[in-house]
Amino acid sequence: MKFRGGGLGANGIRLTMESALTARDRVGVQDFVLLENFTSEAAFIENLRKRFYAIADNSYRSLRTERKDQCILISGESGAGKTEATKKILQYYAVTCPASQQVETVKDRLLQSNPVLEAFGNAKTLRNDNSSRFGKYMDVQFDYRGAPVGGHILNYLLEKSRVVHQNHGERNFHIFYQLLEGGEEDLLRRLGLEKNPQQYHYLVKGHCARVSSINDKNEWKIMRRALSVIGFNDSEVEDLLSIVASVLHLGNVQFAADEQGNAQVTTENQIKYLARLLAVDGSVLRDALIHKKIIAKGEELVSPLNLEQAAYARDALAKAVYGRTFSWLVNKVNKSLAYKEEKFPGWRSTTVLGLLDIYGFEVFQHNSFEQFCINYCNEKLQQLFIELTLKSEQEEYESEGIAWEPVQYFNNKIICDLVEEKFKGIISILDEECLRPGDATDTTFLEKLEETVKNHPHFLTHKLADQKTRKSLGREEFRLSHYAGDVTYSVAGFLDKNNDLLFRNLKETMCNSENPIINQCFDRTELTDKKRPETAATQFKNSLSKLMEILMSKEPSYIRCMKPNDAKQADRFDEVLIRHQVKYLGLMENLRVRRAGFAYRRKYEVFLQRYKSLCPETWPTWDGRPYDGVAVLVKHLGYKPEEYKMGRTKIFIRFPKTLFATEDALEVRKQSLATKMQATWRGFYRRKKFLTMKHSAITIQSWWRGTLGRRKAAKRKWAVETIRRFIKGFIYRNHPRCPENEYFLDYIRFSFLMNLKRNLPKNVLDKSWPTPPPSLCETSQLLRRLCMQNMVWTYCKRISPEWKQQLEQKVIASEIFKGKKDNYPQSVPRLFINTRLGREEINTKVLQALENEALKYAVPVVKYDRRGYKARARQLLLTQSSAIVVEDSKIKQRIDYSNLTGISVSSLSDNLFVLHVHCEDNKQKGDVVLQSDHVIETLTKTAILANKINNININQGSIKFTAGQGKEGIIDFISGSELLIAKAKNGHLTVVAPRLNSR
C-alpha cells in the first residue's frame, strides 16, 4: 500500500489520512477511503478537502431530510489532524448553510470559538505543536430551514498538570506565550508581566519557550478578535487576562524554611501582584499558602506547612484557578452560542449535529495519570465504533435471518472493563486507595493493582513480568495492552492527581475574591458541602459514559485521521506506522463487513410508506401485511435477487445505486402526481391553441421539407464527385503528380500531418511515430529528427544541476551493477542522497580531525573483524582523498584512494563489500569488510570519489581478502531463503542471502 501527497495537519506540516465510515443506514459515502496517487500536493489536498466536505454534506442532508440528530466522530492519534478536520467541517457549514443576519452572527461565533479554546486548551507537545489538551464535543443546532442557529460545547478533562509542569520539549498552554509575546506594553505593565518567558517558573520547565513554527504574536491578535466576536467586553477580557497573569505570578512564589522547618513566603512582590490580580487580601492569601486549615468535629485546626507541602499548595491553587477558569470560559462561549429563538424555546425544537474532537491516543516516554485517562477515552471511542459498526451490524444480519459469514475482529471491551469495572477496575482500585484511611501512596495503589488484576492478560507490572520483560518496566510502573499498542504508565502522582484536592483555606480565600470570574468559579457552597467530591478519574468516567449516551442517540459518521509519520514532516509516509493504525483501528475488518453487507436497511412499514406510490398495486393504500406489500413493490420496481434481501422485519438493499434509482423514481413520481392536476385544466385551453398552431406548422413544414430536399440533393451530388475524384486518385496514386491524383495525394499528406500533430512523441523515451505515406518518407525522417532534437533541447534546458548529478551517479551504478547484482533493481527507483549522516550525528572530535577535508558522503556501516568476524557498528566517511572508518570519536582506519586497490562485492542480495588496500602500507591493517544498508549508493559514490569505477569486482561464490600481514580471509556467499551472516566451522565468513528474481 503506497501513499503520496502533500501535507495537511494541525500545524500545516502533516498529512492526514481520512477514512469515512457512514452511519449504518446511510449511503453515498465510502466506508474506507484509500488514498490514490495524485500528481501534485495541491491536487491531493483538494481531494482530501472534498472527502471532508462529502462527509459533512452527507450528515447535513440526512439531518435535513430525516430530521434525525447526527454526529461526526473525528478520531486518531495525537497530531493526526483532528482539530484541523473539525475546523474544515465548521467552515463548510458556515459557507454552505442558509444565511441571515442572526445566522451570520452564530456562524462567526461558532468559528471564532476555536481560536479561543485552542489558546486556553491547546499546547505544544512532542507529537504536535497544537495538541488539544482537553476533549471537546460541540453540538451545532439547525432550524427547520437548515440554518445554524446555536451551539453547545462540552469539555472533558483539561490537562491541568501542564500548568505547573511540562516535559522537556513541550510548552505550557498557548495563552501564556501569546500574552507575553503579543500583549501591549500598557497591558503587560498593568498585569506586572515582562515579555521574556524565561522569567516565569511555569514556562521554562520544558526548555521550549519559543517555537519557530508558532507565531504567538499573530495568534494573540486572532484570539483577541475572537473574544470580541464571541461577546466579551473589555472588562471581562481584563478580568480573564488578570487570572492568566496570576497563574504566572503564582509560579514565581518562592518559599524558605524557618527555624522550625515551616515554610515562609520569600517573594512578597509576587503576593502583592496576586492580591491585586485576583482581588483578594494579600495577607490572607500569604497565610493560606503556608498553612492548612482542617475542620474536625466542628473545630477549626490550622497547621503550618513545610516547604514541600507549601509548593504543593501553590501548584494546586494554580491548577484549580486555571482549570475552573477554563470551564467558565467554555460556559461563556456556550452562552454566546445559545439558541435564543422565542417561537421555539425548547432544545428539541431544532435538530442537532454533533462534532467530537477529542484528544488522540498518546504514548510518551513518561506516561502519567493524564495519558491514562486520555487513552481510556480512546478505548471507549473504539468500543463505540465497534458496537455501532462491526458488532451491531453483524448481529442485525443474524437476527434478521440474513445469510452471513461472520468477520472476526478484536473487541476491546476487555480493556475497557479492566479500567472501569466496578470494584475490580483500575479506576475503582484508584478511588479506593484515595478514600481509604491510613497511609495510602502510589506504591500501595500499584500493589493493590497487582493483587486484584494480576491475572488479566492486558495488565503487567515489574513484579508480574518475566525476567526479560522486567528490564523494560520500572518498579513503580504498570503496562496496559491497549488496542493501539502497549503503554507503560508511571504511578507517581496518580493519587494526588486523582484526588485533585485544594486546601480549605485556599478555597475560602478564592471565594472572597472580588474578581467576577474567580467569584463565579469558586462557589461558597463548596465550603459547607460535607460530601466528599468525586475523584478526577470517576468524574471523567461518568462524563465519558454520558458522552457515549449522547453519541449512541445520534446517527454517527466517522472521520479517521491517520498520522503519516512521527517527525511532523510533510511529504513523508511511514508505511509501517500507517499499516499499524489501519490494523488497530479495525478499518480492514469494517471494510470487509461493508463490502459483504448491505448499504441500506429499513423496516417494512417505513419502506412501504415512503415508496408505495411507485407501484399501482400499493398506491394509494395497501391493506395486507407490510412484508407482502414490500415484496409486491420491489417486484414492480424490478429489483434483482442479488440487489436485496428480505429479513424478518426489514428489507436490506445491497447497492447504493439501487436505492438511488428508487429515490430518482420517487422524485419523478412526485413530480408526476403534482403535475397531473395541472395537466387536466391546462389541456382544454392548450388544445384549441394547438389546433391553430398545427395548421400553421403543416404549412411551414411542407415548405421546409422542399428546401431540405433540394439541399440534400446538392450535397449528394457534391459527395459523388468527391468520391469519384478520391477513387481516381487512388488508382493513379503511384504515378507522378497529375490532375487525376493531386486531390488524393494532397489528402493523404494532409491526413498524415494531422495524425502526426495529434500523435507526436511525449518525451525523449517515446519512440512511437506514425507510419508515413511513400511520398513523405524523407519528410517524415526530417520531421522526426527535428522533433527529437527539440525534445532533447527542452529536456536539457529544464534539468537542474542536482538532477544531472543524480543521473550521472545512476548511470555509473547501472554500468557497474546492472545484471550483475541481485539487489540492484531495488535501488533504481530510490534517489541517491548526499549523505546518510548529518554532521550532528558525527562526533565533533572526528570532524576536528578531518580539519579542512570536505566531507563528501557519510553512511552508517557494520564492520566485521578480520579475526572472529565480530560485527561492530561503524561510520564510513568519504572525503575527496580518502575513505575513513570511524568508531564513535576514534578514526579506526583511513584508506587513501591511492592505496585502494579494488572493491569486491557478491552478486547476491546481501549488503557486504570489501575494500582492498596495499599490504605494503604499514598504516593499513588489511582489507576492510563492511556491510551497508545502502550498498549500491555507497559503492557508487566510493567508486566516483576514488576513481575506481572499473575496480569494482562482483564475485560469485567467494571473496578473498587480506586479513593482515601475510594472512588471508575468505567470505563464502550462498543462496538461501533469508539473510544470515556467521562464521563457519572452516573459519570462513559465510553469508547466506536470498536469490532475487531480478536479474
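Criteria and thresholds
Residues numbered from 1 in each chain as written. Predicted model: local features only at pLDDT ≥ 70, side-chain atom pairs only at ≥ 80, totals over all residues. Heavy atoms only, no water. Phe/Tyr/Trp six-rings, centres within 6.5 Å; stacked < 30°, edge-to-face > 60°. Helix = DSSP H or I, 4+ residues; strand = E, 2+ residues; numbered from the N terminus. Buried < 20%, exposed > 50% of the residue type's maximum accessible area, 1.4 Å probe, protein only. Lys NZ or Arg CZ within 6 Å of the ring centre and 35° of its normal. Domains from an automatic or database assignment. Salt bridge = Lys/Arg side-chain N within 4 Å of Asp/Glu carboxyl O. Disulfide = S-S within 2.5 Å. Contact = heavy atoms within 4.5 Å. Axes fitted to C-alpha atoms, helices over the stretch in contact; angles between N-to-C directions. Parallel < 35°, antiparallel > 145°, perpendicular 65-115°, else oblique. Left-handed = near helix turned anticlockwise from the far one by under 90°. Nonpolar A, V, L, I, M, F, W, Y, C, P; charged D, E, K, R; others polar. pLDDT = per-residue confidence, 0-100. UniProt positions renumbered as here; feature names shortened; annotations may be inferred. Core = buried A, V, L, I, M, F, W, Y, C linked by side-chain atoms within 4.5 Å. Patch = residues over 30% accessible without salt bridge, like charges linked within 9 Å, V, L, I, M, F, W, Y side chains within 5 Å. Areas by Shrake-Rupley, 256 points an atom, 1.4 Å probe, with all protein chains shown as cover. Pairing = 2+ DSSP bridges. Expected span 1.5 Å × (residues − 1).

With respect to the packing of aromatic side chains
Right, so step 1: In total, this model carries 25 aromatic pairs according to the counting rule given.
Right, so step 2: Residues Tyr60 and Tyr93 carry aromatic rings whose centres are separated by 5.9 Å and whose planes lie at 45 degrees to one another, so their mutual orientation is tilted. Separated by 33 residues along the polypeptide, Tyr60 in helix α1 (residues 41–66) and Tyr93 in helix α2 (residues 82–96) bring together distant segments of the chain.
Right, so step 3: Tyr60 gets classed as buried once you look at its relative accessible area, which sits at 10%.
Right, so step 4: Note on Tyr93: relative accessible area 4%, which makes it buried.
Right, so step 5: Their ring planes at 80 degrees and their centres at 5.8 Å tell us that Tyr93 and Phe142 sit as a pair that is edge-to-face. On the criterion of sequence distance, the pair formed by Tyr93 in helix α2 and Phe142 in strand β5 (residues 135–142) is long-range, its members being 49 residues apart. An identical accessibility class is assigned to Tyr93 and Phe142; each is buried.
Right, so step 6: One aromatic cluster in this structure is built from Phe369, Phe372, Phe445, Phe459, Phe478, Tyr489 and Phe494.
Right, so step 7: If you follow Arg145 out to its NZ or CZ, it ends over the ring of Tyr144, 5.9 Å from the centre.

Quick word on the domain arrangement of the chain
Right, so step 1: By domain assignment, the chain separates into domain 1 (598–701), domain 2 (741–797) and domain 3 (808–993).
Right, so step 2: Placing the centre of domain 1 and that of domain 2 at their C-alpha centroids yields a distance of 57 Å.

Quick look at the pattern of salt bridges
Right, so step 1: Summed over the entire model, instances satisfying the criterion amount to 33 salt bridges.
Right, so step 2: For Lys87, the salt bridge goes to Glu84, with nearest N and O atoms at 3.4 Å. Within this pair, Lys87 and its partner Glu84 are both found in helix α2, separated by 3 residues, close to a single helical turn.
Right, so step 3: Note on Glu84: relative accessible area 16%, which makes it buried.
Right, so step 4: We note a salt bridge from Asp865 to Arg872, for which the minimum N-O separation is 2.8 Å.
Right, so step 5: Taking the relative accessible area as the measure of exposure, Arg872 reaches 32% and is therefore partly exposed.
Right, so step 6: The network of salt bridges with common partners includes Arg133, Glu159, Arg162 and Glu170.

Focus: the state of the cysteines
Right, so step 1: Tallied over the full model, the rule gives 0 disulfides.
Right, so step 2: Between Cys377, a cysteine without a disulfide, and Cys373, which holds the nearest cysteine sulfur, the sulfur-to-sulfur distance is 9.4 Å.
Right, so step 3: Sulfur of Cys787: no disulfide; nearest cysteine sulfur belongs to Cys796 and is 14 Å away.

Quick notes on the environment of Phe142
Right, so step 1: On the accessibility criterion, Phe142 (0% relative accessible area) is buried.
Right, so step 2: When the C-alpha atoms of Phe142 and Val103 are compared, they prove to be 9.9 Å apart, with 39 residues separating the residues in sequence.
Right, so step 3: When sequence neighbours within four positions are dropped, the list of residues in contact with Phe142 reads Tyr60, Leu63, Tyr93, Cys97, Ala147, Pro148, Val149, Thr350, Thr351 and Leu353.

Section: the packing of helix α23 (residues 604–611) against helix α24 (residues 626–637)
Working note: a packed helix pair is described by the angle between its axes plus the distance between those axes.
Right, so step 1: For the pair α23 and α24, interaxial distance at closest approach is 9 Å and the crossing angle is 45 degrees. Viewed along their axes, α23 and α24 adopt a mutual orientation that is oblique. Every pair of crossing elements has a handedness; the one defined by α23 and α24 is left-handed. Here Tyr604, Glu605, Phe607, Leu608 and Tyr611 of α23 lie close against α24, whose contacting residues are Pro626, Tyr627, Gly629, Val630, Leu633 and Val634.
Right, so step 2: The residue makeup of the contact of α23 with α24, split by class, is 9 nonpolar, 1 polar and 1 charged.

Comments concerning the confidence of the model for the chain
Right, so step 1: With 90% of its residues at a pLDDT of at least 70, the chain reaches an overall mean of 83.
Right, so step 2: Taking the mean pLDDT of every element in the chain, the minimum, 31, falls on strand β1 (residues 17–21) and the maximum, 93, on helix α7 (residues 234–251).
Right, so step 3: Considering only residues more than four positions removed or in separate chains, one finds that residues 1–40, a stretch of pLDDT under 50, has 153 contacts.
Right, so step 4: Confidence drops under pLDDT 50 across residues 344–348; counting only partners more than four residues distant or on other chains, this segment forms 7 contacts.

Some remarks on the UniProt feature "binding site: ATP" (unreviewed entry) in the chain
Right, so step 1: As annotated by UniProt and renumbered to match this structure, "binding site: ATP" (unreviewed entry) occupies Gly76, Glu77, Ser78, Gly79, Ala80, Gly81, Lys82 and Thr83.
Right, so step 2: Those residues in contact with Lys82, other than ones at most four positions away along the chain, are Ile74, Ser75, Gly76, Glu77, Asp357, Ile358, Tyr359, Gly360 and Cys561.

What to know about the nonpolar core
Right, so step 1: Residues Tyr93, Phe120, Ile175 and Phe176 are the most contacted members of the largest nonpolar core, which totals 100 residues.
Right, so step 2: Counting residues per element, this core draws most heavily on helix α10 (residues 307–337), which supplies 14 residues.
Right, so step 3: Every residue in contact with Ile175, bar those within four places of it in the chain, is listed here: Ala119, Phe120, Trp220, Met223, Val244 and Tyr322.
Right, so step 4: Counting residues in each nonpolar core, the second largest holds 52 residues, with Tyr137, Phe361, Phe445 and Leu480 among its members.

Regarding a nonpolar patch on the surface
Right, so step 1: Taken together, the side chains of Ile723, Ile727, Phe730, Ile731 and Tyr732 make up a nonpolar region of the molecular surface, amounting to roughly 500 Å² of accessible area.
Right, so step 2: Summarising the element assignment, Phe730 is placed in helix α25 (residues 656–731).
Right, so step 3: By relative accessible area, which is 43% here, Phe730 ends up partly exposed.

Topic: the pairing of strand β27 (residues 958–964)
Right, so step 1: By the criterion of burial, β27 is predominantly enclosed, with 5 of the 7 residues buried.
Right, so step 2: Taken together, the 6 bridges between β27 and strand β28 (residues 967–976) define a ladder with antiparallel strand orientation. The residue bridging Phe961 from the neighbouring strand is Gly969, located in β28.

Re the environment of Ala813
Right, so step 1: By the secondary structure assignment, Ala813 is in helix α28 (residues 801–817).
Right, so step 2: Sequence separation between Ala813 and Tyr824 is 11 residues, and the spatial gap between their C-alpha atoms is 8.5 Å.
Right, so step 3: Filtering out sequence-adjacent residues up to four positions away, Ala813 remains in contact with Lys818, Tyr824, Phe832, Ile936 and Thr940.

Some thoughts on helix α20 (residues 536–552)
Right, so step 1: For α20, spanning 17 residues, the distance from its first C-alpha to its last is 24 Å, which sits close to the expected 24 Å at 1.5 Å a residue.
Right, so step 2: Turning to α20, its buried residues number three or more, namely Ala536, Ala537, Thr538, Phe540, Lys541, Leu544, Leu547, Met548 and Leu551.

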